[in-house]
Every structure is written in structure tokens, then in C-alpha cells.
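# Observations on the model geometry
These are the residues of each chain, in order.
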Amino acid sequence: MATLVSHPDEVKIVTSRFGKGAANIDRYIELDGYKAVKKALEMGADAIIQEMKTSNLRGRGGAGFPTGMKWSFVPKESAKPKYVLCNGDESEPGTCKDRLIFEHDPHAVIEGAMIAAIAVGAHKVYIYVRGEYRVLLEIVQKAIAEAYAKGFCGKNIFGSGYDLDVYWHGGAGAYEVGEESALMESLEGKRGIPRIRPPFPAVVGLWGGPTVINNAETLASVPHIILMGGQKYADVGVPRNGGTRLFCLSGHVAKPGVYELPLGYNLKKLIYEVAGGIPKGHKLKAVVPGGSSVPCLTADEVDIALDFDSMMKAGTFLGSGGVIVLDDHTCIVKFALRTIKFYRHESCGWCIPCREGTDWLDKTLTRFHNGGGVAKDIDNMKYLADNMLGRTFCPLGDAAAMPIQGFVKKFRAEFEAHLDGRPCPFAEHPAISALPVLSH
Ligand SMILES: Cc1cc2nc3c(=O)[nH]c(=O)nc-3n(C[C@H](O)[C@H](O)[C@H](O)COP(=O)(O)O)c2cc1C
Ligand code: SF4
């Protein structure tokens with residue numbers, strides 16, 4: 001299990017119970033657990049949704065969609081049952097926050113999902129946990145069993161007359177099932193490939209019923225918002241970006257780990273102060289700020305606020321909160337190759353631009369990095385990525401294309417330095433040459 005890190009600038013809301021034994025329900029209750037769901041039952045659906053809108057909570061799964069607005073799209077009346085799904089598939093490289101939430105505070109996810117269910121009139125909740133997180137699935141299973149044993153789930157919860165069942169489901173290990181419609185296919189027992197949209201899940205989701213799907217961190221934030229009030233939560237962040245988020249620092253920083261900071265926190269400060277800067281006297285080269293699927297920022301671009309809007313203005317995304325830091329001893333071409341190998345491997349193969357595009361990029365980058373590159377490869381890689389973007393069935397194609405576009409645009413000189421049979425300029429660096437590149 002992961003070691004917890006800490007920094008004085010942290011504002012601990014979602015992580016407030018970490019390291020306090022809250023995976024046990026009695027301890028969770030001592031730490032104000034299950035108070036928010038009782039309050040939510042008294043508030044009623046409309047007031048809960050209004051509180052979420054006031055909080056400016058935006059989805060922590062990647063897209064940053066406003067949570068209150070998402071819940072308000074669910075029709076009040078429905079002939080089919082409604083559902084709430086927790087997306088705990090967490091597979092985006094560089095992202096490792098949901099695993100800490102499941103490990104330290106699984107009841108917060110359950111309670112948040114229960115509140116979401118009350119808000120939209122659903123009576124069934126599914127907590128979907130990534131296949132590789134087997135050990136966390138056991139923690140979630142135990143937490144659900146504890147909640148049932150206390151009578152908090154099932155019939156007539158807290159004497160309110162509201163019935164609410166909570167189930168768990170383990171994935172089989174595929175990045176693609178983190179995509180919301182593929183997750184629903186997987187939950188229905190089918191192959192995890194995405195669905196055509198519209199209709200959107202809020203109207204036609206799991207088994208055809210109206211469905212809310214939210215990331216585990218989004219849902220774990222909900223009980224805190226209900227207890228502290230939407231406005232107070234919103235005030236922690238910046239306009240349109242309420243509260244905190246868990247930033248996962250990895251790569252070349254002295255103190256990697258997961259830090260909870262207000263939205264709008266400065267990225268440069270995050271790297272140099274919170275995460276202790278770049279070790280071994282090396283310099284910063286680039287940052288991939290929102291999980292491996294987003295365009296990188298160069299060292300000159302890191303004096304920027306970490307919120308959804310500022311990142312978009314800078315041509316990248318806050319994404320899943322995975323901040324990957326690369327020092328000046330890193331070969332960008334090799335990093336691009338490692339990135340594309342992941343997406344090529346995880347492409348479900350259904351649509352051509354993604355299936356063929358990731359394969360061609362992998363082949364080109366492999367040859368290129370091995371000294372077999374020709375000048376026109378550089379523009380060809382850009383051309384391939386440009387033709388994938390926005391032309392695939394689900395956003396995995398974009399996720400594969402965007403980082404490549406960023407690397408080629410911002411580090412063209414480094415690609416050129418690999419041309420004409422020259423060996424990788426970083427090949428002699430022991431840390432780099434030791435890095436394996438996944439093969440199939
Ligand atoms: C290929 C792909 C993988 C994704 N993986 C995840 C994931 O592991 N966890 C997650 O919460 N969202 C993931 N998403 C985003 C979900 O589709 C969805 O937007 C999210 O669960 C909504 O929750 P939120 O509004 O709370 O962010 C992924 C999207 C794509 C396209
Ligand atoms: S974009 Fe990729 S992952 Fe998504 S449907 Fe097409 S082939 Fe599958």
C-alpha cells in the first residue's frame with residue numbers, strides 16, 4: 001500500500017480521513033461519516049443538486065464536466081430504473097489518486113454515490129473498480145458489507161422510506177472501460193467497447209435506464225460538500241473550478257506522491273515547492289499536466305494555474321490530475337514512443353483512425369528512435385495525429401493523438417536530432433537507457 005506524503009499548502013478535504021483508519025465503518029462514523037447522506041435525505045433532490053451547482057465541483061475523471069449540471073440532466077420520471085455508477089477504473093498513466101481514496105476512505109465513495117442516487121432518484125449504485133486493483137476491490141466489498149450490516153444500505157435507509165442498494169463490480173483490466181459508455185457495456189457483461197452517443201447516459205445508460213456516472217474522487221468530494229456547504233467548497237478553489245483536487249506527481253521530482261491542493265494552485269510551485277523540485281541538479285524540460293493523454297507544457301510554460309479553464313487556454317488539459325514531470329535528461333522521442341505504445345495496446349480496435357493511427361505512430365516512432373528516421377517522418381507523425389483527432393469513435397483516439405501533436409510541435413529540434421542515422425542523443429544517459437519500452 002502506498003505511503004502518504006504531505007505538504008503545508010495542502011487543503012485536506014477528500015484526504016482528511018487518510019491514515020485515520022476510516023476504511024472501518026465505525027471509525028468512519030466517528031469522523032462524521034454517513035452524516036451527509038442523512039442530511040441529503042432531509043434536503044431532497046432539488047436542494048442537493050443546487051448545492052452541487054453552487055460548489056462548482058467539476059468531474060475529476062478527466063473532462064471536468066460540472067457535476068451538478070450532469071445530475072440535473074437525469075429525467076425526474078423514468079419508466080426504466082435509474083442508476084448511479086462510480087468510475088473507479090483509474091488507468092490513465094500517471095494517475096493514482098482513486099486507489100488512495102479506495103484504500104483510505106472507501107465509505108466516502110459509497111456515501112457520495114448514495115447522495116448522487118438520492119439526487120437523481122436512483123435506487124441502485126454500482127462501484128466499478130479497475131481490474132488490476134484487486135486488493136482495493138476487497139476493501140470496497142468489505143465497506144459495502146459493513147454499510148449493509150449497519151442498515152445504511154438496502155430497504156428504508158435511515159428510516160427515510162428510500163430504498164437504495166449498493167453493488168461492487170471488478171473490471172477485467174482494460175483502459176478503454178474507463179470510458180463511460182464502455183464501462184456500462186462491461187458492467188452489462190459485454191465486451192468493453194464504447195456506445196454511440198447521443199443518447200447520453202443521463203437519458204439512456206446502464207440497461208437503457210437514465211444513469212449518472214462519476215469518477216471516484218468526484219463522488220468522494222460529495223459528502224464533504226453537503227456537510228460544509230457548496231459555497232464554502234467553491235471558495236476553496238477559483239471561479240468556475242470549486243474545491244480541491246488530488247494531484248498525482250510522478251517522474252523527475254524529489255517528492256513524488258499524491259497532494260490535495262486547491263484548484264488554481266500554481267504548477268511551478270507544485271513542482272518546485274510541494275514536490276521538492278527536480279533531483280540531481282537536473283533542469284525541467286517538460287510537464288504532462290493531466291495524465292498521459294494531454295499535450296505537454298514546456299519548462300517555460302509552467303507558471304500557470306492548475307484549473308480546467310487556465311489549462312485549456314494554454315492548449316492542454318487538467319485531465320485526470322496526473323502530473324508527469326520530465327527533466328532535461330529525458331528523450332522526448334522515447335517518451336512519445338512509450339506513450340503511443342500504451343495507447344496502441346489499449347485501443348479497442350473498433351474504429352480505423354485509432355486502430356491504424358496508433359499502430360503507424362508506434363511503428364514510425366520505434367524506427368525513428370532506433371536511428372532509422374527520415375525528415376518527412378516528423379511531418380507524417382503530425383499528419384497521422386491530426387487525422388486521428390476528432391475522427392474516432394471515442395476520445396481514446398484523441399488521447400493518443402494529442403500528446404504526439406504536442407511533442408512534435410514543441411520539441412521538433414529533438415526529433416531532428418535523431419535523424420540521419422544518428423543515435424539517440426540521450427542514449428548514453430543511464431537512467432534513460434535503463435527504461436524499458438513495452439513491447440507486444
Ligand atoms: C479512454 C478513456 C478512459 C477513461 N478512463 C477513465 C477512468 O479511468 N476513470 C474516470 O473516472 N474517467 C475516465 N474517463 C472519463 C469517463 O468517460 C467519464 O467522463 C467520467 O467517468 C465522468 O466522471 P466525472 O464527471 O466525475 O469526471 C475515460 C475516458 C476515456 C475516453
Ligand atoms: S477510438 Fe480507439 S478505443 Fe475508441 S472506439 Fe475507436 S478504436 Fe476503440
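In this report, we go over the structure that sits alongside the text. (Residues numbered from 1 in each chain as written. Chains lettered and ligands numbered in written order. Predicted model: local features only at pLDDT ≥ 70, side-chain atom pairs only at ≥ 80, totals over all residues. Heavy atoms only, no water.)

## Comments concerning the nonpolar core
In plain terms, the rule: Residue types Ala, Val, Leu, Ile, Met, Phe, Trp, Tyr and Cys, when buried and joined through side-chain atoms within 4.5 Å, form a set referred to as a nonpolar core. Residue burial is assigned from relative accessible area. The probe radius is 1.4 Å, only protein chains are included, and a residue is buried under 20% of its type maximum, exposed over 50%, and partly exposed in between. Going along the chain from the N terminus, every DSSP run of H or I of four or more residues is numbered as a helix, and every run of E of two or more is numbered as a strand. For the purposes of this description, domain bounds are those given by an automatic or database domain assignment. Here a residue-residue contact requires only that any non-hydrogen atoms of the pair lie within 4.5 Å.
One finds Tyr-34, Ile-48, Trp-71, Val-84, Phe-102, Met-114 and Ile-127 to be the most contacted residues of the largest nonpolar core, which totals 61 residues. The element best represented in this core is helix H6 (residues 106–120), accounting for 11 residues. Mapping this core onto the domain boundaries places at least three of its residues in each of domain 1 (25–236) and domain 2 (244–327). Not counting the four nearest positions on each side in its chain, Met-114 is found in contact with Tyr-34, Val-37, Val-125, Phe-152, Cys-153, Ile-157, Leu-164 and Val-166.

## Things to note about the pattern of salt bridges
Test applied: Salt bridge criterion: a side-chain nitrogen from Lys or Arg within 4 Å of a carboxyl oxygen from Asp or Glu.
In this structure the tally under the stated criterion is 33 salt bridges. The closest approach of N and O atoms between Arg-58 and Asp-309, which form a salt bridge, is 3.4 Å. With Arg-58 in the loop between helix H3 (45–55) and helix H4 (67–72) and Asp-309 in helix H12 (residues 308–313), this residue pair connects regions lying 251 residues apart in the sequence. Residues joined by salt bridges that share partners form a network here, namely Lys-341, Arg-344, Asp-359, Asp-362 and Lys-363.

## What to know about the sheet that holds strand S6 (residues 257–262)
Stated formally: Two strands qualify as a pair provided that DSSP identifies no fewer than 2 bridges between them.
Within the open sheet, the 5 strands sit side by side as S6-S5-S11-S8-S9. Their pairing is mixed. Strands with a single pairing partner mark the edges of an open sheet, and in this sheet they are S6 and strand S9 (297–298).

## Comments concerning the sheet that holds strand S3 (residues 165–170)
Going by this rule: Helix axes are fitted to C-alpha atoms over the stretch in contact, other axes to C-alpha atoms as well, and angles between N-to-C directions run from 0 to 180 degrees.
Read from one edge of the open sheet, 4 strands run S3-S2-S1-S4, paired in parallel fashion. Single-partner strands in this sheet number two, and they are S3 and strand S4 (211–215). Pairwise comparison of adjacent strand axes, ignoring direction, gives a mean angle of 20° for this sheet. Inspection of the sheet shows strand S1 (residues 83–88) paired to strand S2 (residues 124–129) by 6 bridges, in the parallel sense. Paired with Tyr-83 across the bridge in S2 is Lys-124. Running at roughly 140° to S2, H6 makes contact with S1, S2, S3 and S4 of the sheet. Along the sheet, helix H9 (residues 216–228) makes contact with S1 and S4, crossing S4 at roughly 95°.

Honestly, it's all geometry; don't read function into it.
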